[in-house]
Structure formats: C-alpha cells, structure tokens
Amino acid sequence: MPSTPLDSALFRDMFGTPAMRAVFSDEALVGRYVEVEVALARAEARCGVIPAGAAEAIAAAGAGAAFDWPRLKAETDNVGYPILAIVHQLAERAGEAGRYVHWGATTQDIMDTASVLQLRAALDLVAADIEALRGILADLAARHRDTPMAGRTHLQQALPVTFGYKVAVWLAAMDRHAERLAQLRPRVLVGQFAGAAGTLASLGEDGFRVQQAFCEELGLGQPVVTWHVARDGLAEAVAFLGLVTGTLAKVATDIMLMMSTEFGGEVMEPFVKGRGASSTMPQKRNPISSEIMLATAKAVRQQVALVLDAMVQDFERATGPWHLEWLALPESFLLAASCLHQARFALSGLTVDTDRMRANLDLSGGLIVAEAVMMAAAPALGRQHAHDVVYDACRAAITSGRPLAEALVEVPEVVEALGGAEGVRRRCDPGHYLGLAPAMVDRVVAGRA
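All residue numbers here refer to positions counted from 1 along the written sequence of the relevant chain. In keeping with the model being predicted, local features are shown solely for residues with a pLDDT of at least 70 and side-chain atom pairs are shown and tallied solely at 80 or more, while totals for entire chains, interfaces and linings include all residues. The basis for the side-chain values is all heavy atoms of the structure; hydrogens and waters are excluded.

A. Expanded view of the overall build of the protein. Segments assigned H or I by DSSP are reported as helices when at least four residues long, segments assigned E as strands when at least two residues long, and all are numbered from the N terminus. The number of helices and strands found in the protein is 18 helices and four strands. Two things to know: the radius of gyration comes from C-alpha atoms, and the globule rule equals 2.2 Å times the number of residues to the power 0.38. The C-alpha atoms of the protein give a radius of gyration of 30 Å, which is well past the 22 Å a tight globule of 449 residues would have. Judged by the C-alpha coordinates and their principal axes, the protein covers about 100 × 55 × 35 Å. A burial count over the protein gives 48% of its 449 residues as buried. Only heavy atoms matter for contacts: two residues are in contact if any of them lie within 4.5 Å across the pair. In the protein, of all internal contacts separated by at least 6 residues, the share reaching a separation of at least 24 is 75%. Residue burial considers only the protein chains on display, and all accessible areas are found by Shrake-Rupley using a 1.4 Å probe. With an accessible surface of roughly 20,800 Å², the protein has 57% of that area assigned to carbon and sulfur atoms. The charged-residue count follows a simple rule in which Lys and Arg add positive charge and Asp and Glu add negative charge, with His and chain termini not counted at all. Throughout, a charge is located at the NZ atom of Lys, the CZ atom of Arg, the CG atom of Asp or the CD atom of Glu. Separation of charge centres in the protein, based on 40 positive and 51 negative side chains, amounts to 5 Å. Remark: exposure states derive from per-residue accessible area (1.4 Å probe, protein chains only) relative to the maximum for the residue type, with buried under 20%, exposed over 50%, and partly exposed in between.

B. Fine view of the pattern of salt bridges. By definition, a salt bridge exists where a carboxyl oxygen of Asp or Glu is found within 4 Å of a side-chain nitrogen of Lys or Arg. For the structure shown, the criterion picks out 26 salt bridges. In this structure, the salt-bridge partner of Asp-112 is Arg-231, at a minimum N-O distance of 2.8 Å. Of the two residues, Asp-112 sits in helix α6 (residues 107–143) while Arg-231 sits in the loop between α8 (207–218) and α9 (232–259), which places them 119 residues apart along the sequence. Residue Glu-236 pairs with Arg-187 through a salt bridge whose shortest N-O separation is 2.6 Å. On the criterion of sequence distance, the pair formed by Glu-236 in helix α9 and Arg-187 in helix α7 (residues 163–188) is long-range, its members being 49 residues apart.

C. Quick peek at the pairing of strand β1 (residues 148–153). Strand pairing is assigned whenever DSSP identifies at least 2 bridges connecting the two strands. For β1 and strand β2 (residues 156–162), the ladder comprises five bridges, and the chain directions are antiparallel. Bridged to Ala-150 within β2 is Pro-160. Between the antiparallel neighbours β1 and β2 lie two residues, among them His-154 with a positive phi of about 55°.

D. Layout of the packing of helix α2 (residues 26–46) against helix α3 (residues 52–62). Note on definitions: angles span 0 to 180 degrees between N-to-C directions of axes, and those axes are lines fitted to C-alpha atoms, for helices only across the stretch in contact. It is the contact of α2 with α3, at a shortest axis distance of 8 Å, that shows an interaxial angle of 165°. The angle between α2 and α3 falls in the class roughly antiparallel. In this structure, α2 crosses over α3, and the sense of that crossing is left-handed. Between α2, through Val-34, Val-38, Ala-41, Arg-42 and Ala-45, and α3, the contact on the second element is made entirely by Ala-52, Ala-55, Glu-56, Ile-58, Ala-59 and Gly-62. Of the residues assigned to the contact of α2 with α3, the class counts are eight nonpolar, one polar and two charged. Angles below 35 degrees are treated as roughly parallel, those above 145 as roughly antiparallel, those between 65 and 115 as roughly perpendicular, and all remaining angles as oblique. By definition, turning the near helix anticlockwise from the far helix through less than a right angle yields a left-handed crossing, and turning it clockwise yields a right-handed one. Classification convention: Asp, Glu, Lys, Arg as charged; Ala, Val, Leu, Ile, Met, Phe, Trp, Tyr, Cys, Pro as nonpolar; all other residues, Gly among them, as polar.

E. Broad picture of the packing of aromatic side chains. Between 30 and 60 degrees the pair is tilted, below 30 it is stacked and above 60 it is edge-to-face, where a pair is any two Phe, Tyr or Trp rings, Trp via its six-membered ring, whose centres lie within 6.5 Å. Throughout the structure, instances matching the rule amount to seven aromatic pairs. Ring centres of Tyr-100 and Trp-103 lie 5.3 Å apart, and the angle between their planes is 45°; on these two criteria the pair is classed as tilted. Relative accessible area serves as the criterion here: at 36%, Trp-103 is assigned to the partly exposed category. Charge-over-ring placement is defined geometrically: NZ (Lys) or CZ (Arg) within 6 Å of the ring centre, and within 35 degrees of the ring normal. Of note, Arg-93 hangs over the ring of Phe-67, and the distance from its end group to the ring centre comes to 5.4 Å. The positively charged end of Arg-395 is found above the aromatic ring belonging to Tyr-391, 4.7 Å away from the centroid.

F. Molecular detail of the side chain of Thr-106. Along the chain, Thr-106 turns up in the loop between α5 (83–94) and α6. A relative accessible area of 12% places Thr-106 in the buried class. Non-local contacts of Thr-106, meaning those with residues more than four positions away in its chain, are made with Gly-195, Ala-196, His-228 and Arg-317.

G. How the structure looks around a nonpolar patch on the surface. Residues enter patches when their relative accessible area tops 30% and they take part in no salt bridge; the joining distance is 9 Å for like charges and 5 Å for the nonpolar side chains Val, Leu, Ile, Met, Phe, Trp and Tyr. Taken together, the side chains of Leu-10, Phe-11 and Met-14 present a nonpolar region at the surface, about 320 Å² in accessible area. Positionally, Leu-10 belongs in the segment before α1 (18–24). Residue classification places Leu-10 among the exposed residues on the basis of a relative accessible area of 71%.

H. Looking closely at the packing of α7 against helix α18 (residues 437–446). Direction vectors running N to C along α7 and α18 enclose 30°, while the axes themselves pass 9 Å from each other. With respect to each other, α7 and α18 are oriented roughly parallel. At the point where α7 passes α18, the crossing takes the left-handed sense. Here Gly-164, Tyr-165, Ala-168, Leu-171, Ala-172 and Asp-175 of α7 come into contact with α18, specifically with Ala-437, Met-440, Val-441, Val-444 and Val-445. Considered class by class, the residues forming the contact of α7 with α18 number nine nonpolar, one polar and one charged.

Here it is as structure tokens:
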C-alpha cells in the first residue's frame, strides 16, 4: 500500500502530477537503465570495442524486456544498487552477446546517466508549465494594466499601483526562470561514462571515443572530466526548482491575502462547486490551490538543502551522499510539478474584483497619496515645508475622520501651490498617482515577444 502523500491514492495528485510520476516511476527508471546499457553497447560497437552483432543482440534483449521484478528487488536489496541485478537479466536475454553488457562501465555511470535522462524529460514538463504560466500572466497583466489598487508595504497601504503591475512583477520572475532553464540545460544534461575510478582506464586509448559516441547515442553532452563526485549539475537542477516554486509561493501568498475577508476578496481562485468548502461553515471558499502551492514550495526548499548536502562527497566515489539524490530528485520534481499545476489552475481562472480594489484604495480617504500632494506642492513651498504642512493636514484628517482633500483645502498655501481646490482634489485621487506602473507592464509584456 502507498505510504506517503507522493504515492497515496488520496493525495498524490495534490503533491505531484501523473505526467511527472510517469517520468520517475520504477518502470521508467529501469527502462532508462536499459536504454543506457544499450546505448553503451552501440557506442562501443561503433568504436570497434565490441562486435556489432553483440550490440544488436543486447539492443534486442533490452527491447520490451519483461524483468523478473521480485528477483530484481531481492538482488538490489542485497547489492545495494540495482544495476548489477539488471545486467544479470539483460545478459541472460542477450545470450552469447551477454558477455559484452556493461563493458567498461561502473554502476554509477549507468545510474547517473539514467538520472540525467529522467531530468531531461522532467525539465521538458517544467518548461511547458513555465511557458503556459508566462502566457497566462502576460494576458492578466495586459488586461489589468490600468486597474488601480492599493500597493502595500509591511502589510499596510503605501502607494497606489495597478493590478497589472503586480502581475508583471510575477511575470518578470517567470521570464527569468525560463532563461535560467535554457542556460542550465547544457550544464546538467551531460552523460556519465568513466569507469570504476573515473579514469576510463578499462578502455585505454578508446575511452574518449567511446564516451563521445555514448553521449551522442543518448543526445547528451560529453563531460570534459568525470563528475562522479562533482554533483553541482544535479544540485543546480533542484535549486532551479527551488527558485521557481519560491516565486509561485510568493504569488500564492499574495492571492491568499487578497482573498481574505478583510481585503474584501480583491481576487478569488476559480470557482468550482465544492472546492475549498468547509465541513462546518457553508460560506467558506478557501484558497486551496494557493495553499498547495505554498506547501509544495516549502517542501521543495528542503530538497534543495538535501542536494546541496549531497555535494559533499569523499574522494573519487562517495560513501553515502549519492543516495540522498535518489530521494531528492524525484520528490523535488513531483512537488514542483504540483506547484506549477496548481498555479496554472489558479491564475488561468482568477477572478479579479476591480470594484473592491478601488474601494480598498479609497479606504484612507486620500491619505495613500499624501506623497503625491507633498511632491506637487514642493516646487512652490520647498520640499521640507511641503512635507510638514501635508503631515499636519494628514494628522488633522485622521483625527477628524475626514478625507485628506477636505483637510488640505483649509491650508491656503497648499491650495495656492496646487492651483486651487480642484487641484487639491485631483492630487488626492489615488488613480492619478500610479507612477510608471502601466509603462512597466508594457515593458515586461513586450519583453516576451
């Protein structure tokens, strides 16, 4: 029976996706091991190291091979690694050619290269989700380019922004993640074939040629030196997921806060009957996707720490840190896939209440644009004096419960500096103090072209 949320029949689609689970399933992993062994045989045959007929026999043996899984598990438990167990069964199926299976390789060569093949498939899924999210966010930012709302710092209203500007900040981060993903692929998608201590000693002068042919068979880069104990590539891939999910956790946090009753539901996750319902409170519509995004991002962060720890390896082959990757790689990608999936769902159907955003923007009675009034009056009054008189007017407005404009029209020098009472009222309208927020939206959205 499943024993963790990652494989639970109840929870697995909250903490992963079917597509990502397929990449890291036992069947897929063993299939990758066989794929690597076959690629090695073909590469060695191309280089004249083993007979061409042997390579074809090994490839035929690996095609659709039905492994004895109980035997495979028993040998893996006994040896501590699965490759010898797979080599035994593959060699038996290959008959006389079986003597050439795993020629010159070491267990870690096969396992590392299989992990890289898994990462390539997993990163393709991540890339598709990132690209879809970039499209969703670009559309959302453009639609709300000029939608005014309260910008908040330290959880308090600060200055007006637009909702499109907020979304553009999210989008710019996802754009950078797409760029990072393209840049990390050549560093991460590198094959591993180097033999027992990484020196290719068993193949002599043929070593580099076989290594190159091997990597070409699999469409992977050829390493300049063995990376048995240099794990920065795999660590970078998981750290990248930490960055992506960290951004999505920020998005989720914003959405959850904006959905809160006190914010009046400035945004809401898509409505699906019963989704986010409470067992006791019929009125509830909880931010389920955002909660899962936040939880999975936190869990990915722990996997980042794990792969960084796994980088500390002894001498030319490690005595244990390598095993940490066996846990971290599949778990981090499953969790990240969930986070990305939930983000796509939440953002693609996000309900935006522009009226509530405007109402919240007006809550302070114009105090949110006190800076705008001060800066407009500063050329006539001087910056410091303008600050002092507007400060006093703010205190008066707060004490009396009046809008800022009403308090300011009682200050003749401010009225004169702003061109009359109408100028005061215009400066106190938060919708007129958006800065370059709309222009920033344009720059981010245009940058995707």
